[in-house]
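Residue-level listing of the chains:
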Amino acid sequence: MFKKISISLFILFVSTCFFVYAKESSFTAALKNCSPYSSKDNVNVLNMNVISSKSIAGWENNKCVYREDVNFLNVQSSVVCKLTQAQINELVSVIDAYELLANYSGESPDFSSFDTAQNNPVSKVWNKYLQDANICNITTNQVE
């Protein structure tokens, strides 16, 4: 039960962190080109402090290797995704479209609840890949 809840929260936190970083043009540009990238940040999600370290390692066997480590509530989780160029193109297209819309609407993403965070287009596209074990591998460990 703990592991299932942790993985659900992890997917929420990762997709939320993706959206936060998507607003950084350096992350989006690195993802688009699968260029080396790394960052470590603190993000507040659902009133919880989440520490996120992410990196893009580059191409491996025609797939872009993306890794993110997330720490929250004494839970350490990691995701490693191996994305094709078509998957990267979809992710970047959604990120760019959402960012363009946000610039004109003036609205900020709502991460006040699990449902509103999950309803974000950027979260939805990342979740599609995060939930596919052929693309992303998630590990979760409780820290004592």
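*Asks:* Describe the pattern of salt bridges, naming the residues involved and giving the relevant values.
*Replies:* Applying the stated criterion across every chain yields a total of four salt bridges. A salt bridge links lysine 82 to glutamate 60; its shortest N-O distance comes to 3.1 Å. You can see lysine 82 sitting in strand S4 (residues 75-83) and its partner glutamate 60 sitting in strand S2 (residues 48-60), a full 22 residues away along the chain.

*Asks:* Give me the lowdown on the packing of helix H2 (residues 25-33) against helix H3 (residues 85-105), citing residues and values where you can.
*Replies:* If you want to describe how two helices pack, look at the angle between their axes and the distance between the axes. Contact geometry for H2 and H3: axes closest at 9 Å, N-to-C directions at 155°. Regarding the angle of H2 to H3, the classification is roughly antiparallel. In terms of crossing hand, the pair formed by H2 and H3 is left-handed. Residues Thr28, Leu31 and Lys32 of H2 form the contact with H3, whose own contacting residues are Gln85, Ile88, Leu91, Val92, Ile95 and Asp96.

*Asks:* An account of the confidence of the model for the chain is requested, with residue identities and associated values reported.
*Replies:* Per-residue confidence for the chain gives a mean pLDDT of 79, with 71% of residues at or over 70. Between residues 1-7, whose pLDDT stays under 50, and residues either more than four places distant or in other chains, the model counts seven contacts.

*Asks:* Tell me about the pairing of strand S3 (residues 63-72), and please be specific about residues and values.
*Replies:* In the case of a regular strand, side chains alternate between the two sheet surfaces. Here nine bridges tie S2 to S3, and the two strands are oriented antiparallel to one another. Bridged to serine 55 within S3 is arginine 67. Hairpin connection of S2 to S3: two residues between the antiparallel strands, including asparagine 61 at a positive phi of 55°. Relative to S4, S3 runs antiparallel, the two being bridged by nine bridges. Residue pairing across strands places phenylalanine 72 opposite valine 75, the latter belonging to S4.

*Asks:* Tell me about the state of the cysteines, residues and numbers included.
*Replies:* The tally for this structure, following the rule as stated, stands at two disulfides. Across the disulfide, cysteine 81 is cross-linked to cysteine 136 (sulfur-sulfur distance 2.0 Å). One quick way to see it: the torsion about the S-S bond of cysteine 81 and cysteine 136 is about 110°, and its sign makes the bridge right-handed. With a gap of 55 residues between them, cysteine 81 in strand S4 and cysteine 136 in strand S5 (residues 136-142) connect regions that are remote in the sequence. The pair cysteine 81 / cysteine 136 is uniform in exposure class, with both members buried. Cysteines bonded in the chain are numbered consecutively along the chain; their disulfide partners then correspond to 1-2, 3-4.

The rules we used
- Residues numbered from 1 in each chain as written.
- Predicted model: local features only at pLDDT ≥ 70, side-chain atom pairs only at ≥ 80, totals over all residues.
- Heavy atoms only, no water.
- Salt bridge = Lys/Arg side-chain N within 4 Å of Asp/Glu carboxyl O.
- Helix = DSSP H or I, 4+ residues; strand = E, 2+ residues; numbered from the N terminus.
- Axes fitted to C-alpha atoms, helices over the stretch in contact; angles between N-to-C directions.
- Parallel < 35°, antiparallel > 145°, perpendicular 65-115°, else oblique.
- Left-handed = near helix turned anticlockwise from the far one by under 90°.
- Contact = heavy atoms within 4.5 Å.
- pLDDT = per-residue confidence, 0-100.
- Pairing = 2+ DSSP bridges.
- Disulfide = S-S within 2.5 Å.
- Buried < 20%, exposed > 50% of the residue type's maximum accessible area, 1.4 Å probe, protein only.

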